[in-house]
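A structural walkthrough
Residue strings, one per chain:
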Amino acid sequence: MYEHLGELLTVLLTLDEIIDNHVTLKDHWTMYKRLLKSVHHNPSKFGIQEEKLKPFEKFLLKLEGQLFDGMIFQACIEQQFDSLNGGISVSKNSTFAEEFAHSIRSIFANVEAKLGEPSEIDQRDKYVGICGLFVLHFQIFRTVDKKFYKSLLDICKKVPAITLTANIIWFPDNFLIHKMPAAAKLVDRKSLQAIKIHRDTFLQQKAQSLTKDVQSYYVFVSSWMMKMESMLSKEQRMDKFAEDLTNRCNVFIQGFLYAYSISTIIKTTMNLYMSMQKPMTKTSVKALCRLIELLKAIEHMFYRRSMVVADSVSHITQHLQHQALNSISVAKKRVISDKKYSEQRLDVLSALVLAENTLNGPSTKQRRLIVSLALSVGTQMKTFKDEELFPLQVVMKKLDLISELRERVQTQCDCCFLYWHRAVFPIYLDDVYENAVDAARLHYMFSALRDCVPAMMHSRHLESYELLLDCYDKEIMEILNEHLLDKLCKEIEKDLRLSVHTHLKLDDRNPFRVGRKDLALFFSLNPIRFFSRFIDIRAYVTHYLDKTFYNLTTVALHDWATYSEMRNLATQRYGLVMTEAHLPSQTLEQGLDVLEIMRNIHIFVSRYLYNLNNQIFIERTSNNKHLNTINIRHIANSIRTHGTGIMNTTVNFTYQFLKKKFYIFSQFMYDEHIKSRLIKDIRFFREIKDQNDHKYPFDRAEKFNRGIRKLGITPEGQSYLDQFRQLISQIGNAMGYIRMIRSGGLHCSSNAIRFVPDLEDIVSFEELVKEEGLAEETLRAARHLDSVLSDHTRNSAEGTEYFKMLVDVFAPEFRRPKNIHLRNFYIIVPPLTLNFVEHSISCKEKLNKKNKIGAAFTDDGFAMGVAYTLKLLDQYQEFDSLHWFQSVREKYIKEIRAVAKQQNVQSTSQDEKLLQTMNLTQKRLEVYLQEFELLYFSLSSARIFFRADKTAAEENQEKKEKEEETKTSSGDVPEGSVSTDPVVK
């Protein structure tokens, strides 16, 4: 009974300490009283009746006196216990006073023996209750046991402070001196001063012994966990069932005792530092954090084996109850065997029977309380021998512990006090980072930090406790990122960079001379649960590296290989599964983008040279050591980037460009000097074609070339025919670019459609979704998928005939009577080809020279331009009638044979210079013949794109036949229908 009264007084003391340490509550109370004075001066402004203010103020004063002045405990013990009506007088009841004092001394004797010992359980809390009972005894009876009072104060040398709540420390010496000033005068000042000095030196001693305590408890807890794991893993033997239960009971209790001792050390030390406002060393912080980890390790051990522990607790409880019943049965027989009858003996016997009946049932808290009260009576009159009573007390104590094992372990391992000591967390993380070997202990610390959440959920000072939780969550995550995750990311990135660039010898990488941390251990950790998230260190670092490597690769695409190597090294060294960046999306020599080319088509066609066979554009000249190239892959990647819509836009831009170029083309052909020469050449060819086997004379083309040069040259040394050749080449480059756009579009479409298994049999996802009766959103998604698949299939199967479009849009204008001057174009092609061959040979010869300005090995844009222009004018037959390339071939073969014949004649002579001259002449003729042959092949290939096998009349006839077939197959076409052939705007 007195122990329970002591627990009640402990609660009152705790309430006083809570309010006394709650600075915010006191400040707000003061502000509220000031507000009340403002209301008192002008009640009508606040809508309050003045007559109600005075009673309310009295109530507040009463409340302040009871709660805020630290008088809760004092008001309780200063009550009037004596009856005022002449009834029972408590203060003058000597028997009660003697029994009260005896009970306090008895409880103190039990507490003092265990206080500070390894087997201590709840003796500190009881000591607080004893101090409260002693003060209550003094208040009622006004007598002091000087010796006992000194004994209470001497405990302060062993336990200078006791933790009442998560962040409140209680000093028993201050309490005893403050509450009993008269009694304090009975103790000499030296003793009181020694207690205060001991309290001040306690922290220093504790700081020095913390490291040793950590080492000791680390061994104890590790050994206990191994014993626990071993014991619970093996099956129980029925022949040694009782012994096994006893062992399990002892192991469970030992774990709880370790938890209690560690929790007491942590709370007392941390709260003492905070209460006395003294700085804590980093060594002490690390030691305390290690103890917190051990505390949570004990809790996790019980939790991990909770199923086996729960089953064992049930059997252990029954076993302990059986042992207690046997002891009580022996005592009961002894009482019954005594024939002397008395009421006291009958009370003892009744108490023992009550204890027996209560023990025969579940071990609830109420039943154990009844058994405790019954045994306090049943142990009177020496019913138990000394050697019987102590084992019974041990069994009952074990029964209390085992019956509340889960709650007691949870209470002792609760680390909600960390909320008031969050400053230790950054230091702890720095220690974890420096000592990566024990990275797994992070789980225990975050488990301890989670213990703060339930207490915060009871907060009432904010609109919602969610605000407090969010702030706490944000604060912890910011500390974690700053002191661990970000440092880890930077260190991993630095290690990868230095490893990849070892050839640069940036620093000393020898692990024997430079300390190295094995950071890979962080990535073997399971995700850490905290609030509603899982902190995955591996995923965090992987995401950081992926993001960094991707961003830096986009800035400098030429470094893609370096970052790819770093990515592979991260997988090999740290086991990180990196995401492939797929950069660069194009090749490194990607040159210009389609969008850039489209906007500057006029610059592009003049600065790049086209190769017909490889479908590639090569930069004409560059200030760099390399030339940019553009091929189908680049175009396909650009179309994938910008979308297929850019293809039509590019064709439209090209159309606008061709319009301007053809205007210049028409002006050149209309020039009187040019037109007159062309008409003269046409008339000449008609006159001599029968004598010349219908072949255009090579000499005539040379004469035309020389005649044009006489008209004048530019400052760069170019004739009008050179400029006209460049114009034709630019037109051909534009057509080559259109061809590459179409090929790139087909390439892009085929890459996009390659995942469709069968292009001939594509299922309708919309129909499948309708059959399954799925949601409307799914139906819309299926319809969209069908549309995308249809577009890709159509684009990959056919592709727009851009050449036909550009022919159809210009041909009618070219063939109109007002542009009759353009009909002379076919006759200028021979001198143009001659000019082109001379230019091409000159460019190729520069490739072998040191100064490579103007060097080139291909320019098929000229052939494309000639073929396209002939198609627009429908002059393929007129040009073929010249048999120009046959004439060229015959001319050069004839000259080569003449030189060869002359060489045979001169071979007998000793004139080496003449022979060298003839060899050079023969090589030059062969080179010219080869260039003409290459031009002929390129022109023949280019004509295929424009259907050179048919004239304009034949194409029109074929078009009419197709239209008639369409009409007959689909019926008469209604009036007003319009053809939907694509046209270029």
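About the cut-offs
In every chain, residue numbers begin from 1 and rise along the written sequence. In keeping with the model being predicted, local features are shown solely for residues with a pLDDT of at least 70 and side-chain atom pairs are shown and tallied solely at 80 or more, while totals for entire chains, interfaces and linings include all residues. To obtain the side-chain values, all non-hydrogen atoms of the structure were included, while hydrogens and water were left out. Each patch is built from residues that are more than 30% exposed by relative accessible area and take part in no salt bridge. Like charges join if they lie within 9 Å; nonpolar side chains (Val, Leu, Ile, Met, Phe, Trp, Tyr) join within 5 Å. All accessible areas in this document rest on Shrake-Rupley with a 1.4 Å probe, and a residue is counted as covered only by the protein chains that are shown. We define a salt bridge as a side-chain nitrogen of Lys or Arg found within 4 Å of a carboxyl oxygen belonging to Asp or Glu. Secondary structure follows DSSP: runs of H or I at least 4 residues long count as helices, runs of E at least 2 residues long count as strands, and numbering of each begins at the N terminus. Only protein chains enter the accessibility calculation, which uses a 1.4 Å probe; a residue is then buried when its area is under 20% of its type maximum, exposed when over 50%, and partly exposed in between. Both site types are read off a 1 Å grid over the protein atoms alone. A 1.4 Å probe that fits but cannot get out defines a cavity, while an open set with protein on both sides within 12 Å along at least five of seven lines defines a pocket; lining residues have an atom within 4 Å of a point. Grid points are joined across faces, edges and corners, and a volume is the space filled by probe spheres set on the points. Each residue gets one of three labels, nonpolar for Ala, Val, Leu, Ile, Met, Phe, Trp, Tyr, Cys and Pro, charged for Asp, Glu, Lys and Arg, and polar for the others, Gly among them. For this analysis, residues touch if any pair of their heavy atoms sits within 4.5 Å. In this scheme Phe, Tyr and Trp rings, the latter by its six-membered ring, pair at centre separations within 6.5 Å, and the angle between planes marks the pair as stacked below 30 degrees, edge-to-face above 60, and tilted otherwise. By nonpolar core is meant a set of buried Ala, Val, Leu, Ile, Met, Phe, Trp, Tyr and Cys residues that side-chain atoms within 4.5 Å join together. For the purpose of counting charges, residues Lys and Arg are taken to be positive, whereas Asp and Glu are taken to be negative. His and the chain ends are not included. Taken as the charge centre is NZ of Lys, CZ of Arg, CG of Asp or CD of Glu, depending on the residue. When DSSP finds two or more bridges between two strands, those strands count as paired. Working rule for helices: expected span equals 1.5 Å times residues minus one. Geometry is summarised by axes, namely lines fitted to C-alpha atoms with helices restricted to the contacting stretch, and by angles between N-to-C directions that run from 0 to 180 degrees. Any angle between 65 and 115 degrees counts as roughly perpendicular, while under 35 counts as roughly parallel, over 145 as roughly antiparallel, and the rest as oblique. A 3.5 Å cut-off defines polar contacts: any pair of N or O atoms within that distance qualifies, except that in protein one atom must be a possible hydrogen donor and the other a possible acceptor, and neighbouring residues in sequence count only when both atoms are side-chain atoms.

Under an unreviewed UniProt entry, the protein has the name WASH complex subunit 4 isoform X3 and belongs to Cricetulus griseus.

A look at a nonpolar patch on the surface
Residues Tyr32, Leu35, Phe46, Ile48, Phe56 and Phe59 make up a contiguous nonpolar surface patch of about 540 Å² in total accessible area. At the level of secondary structure, the elements contributing two or more residues to the nonpolar patch comprise helix H2 (23-41) and helix H3 (53-68). Here isoleucine 48 is to be found in the loop between H2 and H3. The partly exposed category is assigned to isoleucine 48, whose relative accessible area is 36%.

Some details on empty space enclosed by the protein
Within this structure, the stated rule accounts for four cavities of 30 Å³ or more. Approximately 70 Å³ is the volume found for the largest cavity. Together, Leu609, Arg620, Phe836, His839, Ser840, Cys843, Ala856, Phe857, Thr858 and Asp859 line the largest cavity. Sorting elements by how many residues they give to the lining of the largest cavity places helix H34 (residues 825-845) first, with four residues. Of the residues assigned to the lining of the largest cavity, the class counts are five nonpolar, three polar and two charged. When its volume is computed, the second largest cavity comes out at roughly 50 Å³.

Describing the environment of threonine 654
If you trace the backbone, threonine 654 turns up in helix H27 (residues 645-670). Residue classification places threonine 654 among the buried positions, given a relative accessible area of 0%. Along the primary structure threonine 654 and valine 432 are separated by 222 residues, whereas in three dimensions their C-alpha atoms are 65 Å apart. Sequence-distant contacts of threonine 654, that is, excluding residues within four places in its chain, are made with Ala734 and Ile738.

Brief notes about the packing of aromatic side chains
Counted by the stated rule, this structure contains 54 aromatic pairs. With 6.1 Å between their ring centres and 90 degrees between their planes, tyrosine 217 and phenylalanine 220 make a pair best called edge-to-face. Within this pair, tyrosine 217 and its partner phenylalanine 220 are both found in helix H10 (residues 189-233), separated by three residues, close to a single helical turn. When its relative accessible area of 40% is taken as the criterion, phenylalanine 220 is described as partly exposed. Between the aromatic rings of tyrosine 696 and tryptophan 884, the centroid separation amounts to 6.0 Å while the plane-to-plane angle is 70 degrees, which identifies the pairing as edge-to-face. Of this pair, tyrosine 696 sits in the loop between helix H28 (672-688) and helix H29 (698-710) while tryptophan 884 sits in helix H37 (residues 884-906), and the two are 188 residues apart along the sequence.

A closer look at the nonpolar core
With 117 residues, the main nonpolar core has Leu418 and Leu442 as its most contacted residues. Here the element with the most residues in this core is helix H21 (residues 465-500); it accounts for 14 residues. Not counting residues up to four positions away in its chain, the partners in contact with leucine 418 are Met270, Ile292, Val424, Met445, Ala448, Leu449 and Cys452. The next biggest cluster of nonpolar side chains, apart from the first, holds 91 residues, and it includes Tyr608, Ile741, Ala863 and Leu929.

Here's the deal with a positive patch on the surface
A cluster of basic residues, Lys680, Arg683, Arg686, Lys703, Arg706 and Lys710, forms a positive patch at the surface. Among the elements of the structure, H28 and H29 are those that each provide at least two residues to the positive patch. Along the chain, lysine 680 turns up in helix H28. Classification of lysine 680 by relative accessible area gives partly exposed; the value is 49%.

Let's talk about the pairing of strand S6 (residues 616-619)
Burial along S6 is two-sided: the face carrying Ile616 and Ile618 and the face carrying Phe617 and Glu619 are both buried. As defined by bridge partners, strand S5 (residues 608-611) adjoins S6 across four bridges and the pair is classed as antiparallel. Pairing of tyrosine 608 across the sheet is with glutamate 619, part of S6. With two bridges joining them, S6 and strand S7 (residues 629-630) adopt antiparallel strand pairing. What sits directly across from isoleucine 618, in S7, is threonine 629.

Considering helix H35 (residues 861-873)
Between its first and last C-alpha atoms H35 spans 18 Å; for 13 residues at 1.5 Å apiece the expected length is 18 Å, and the two agree. The positive-phi residue at the C-terminal boundary of H35 is aspartate 874, with phi of around 55 degrees.

Considerations on the packing of helix H11 (residues 241-276) against helix H16 (residues 386-403)
For the pair H11 and H16, the least separation of the axes is 10 Å and the interaxial angle reads 70 degrees. One element, H11, and the other, H16, form an angle in the roughly perpendicular class. Along its contact with H11, which presents Cys249, Asn250, Phe252, Ile253 and Phe256, the element H16 presents Lys398, Leu401 and Ile402. Classifying every residue of the contact of H11 with H16 by side-chain character gives six nonpolar, one polar and one charged.

Structural notes on the environment of threonine 269
For threonine 269, the position within the fold is in helix H11. A C-alpha to C-alpha distance of 100 Å links threonine 269 and glutamate 963, two positions 694 residues apart in sequence. The residues touching threonine 269, leaving out its near neighbours within four places in the chain, are Leu203, Lys206, Leu210 and Leu288. Within the local environment of threonine 269, its side chain forms a polar contact with the backbone oxygen of isoleucine 265, the two atoms lying 2.6 Å apart.

Examining the sheet that holds S5
Strands sit in the order S5-S6-S7 across an open sheet of three strands; the sheet is antiparallel. Either end of the sheet is taken by a strand with one partner, and the two such strands are S5 and S7.

Looking at the pairing of S5
Residue alternation in S5 divides its side chains into two sets, Tyr608 and Tyr610 and Leu609 and Asn611, and both sets are buried. Between S5 and S6, which pair antiparallel one after the other, the connecting turn spans four residues, and glutamine 615 there sits at a positive phi close to 50 degrees.

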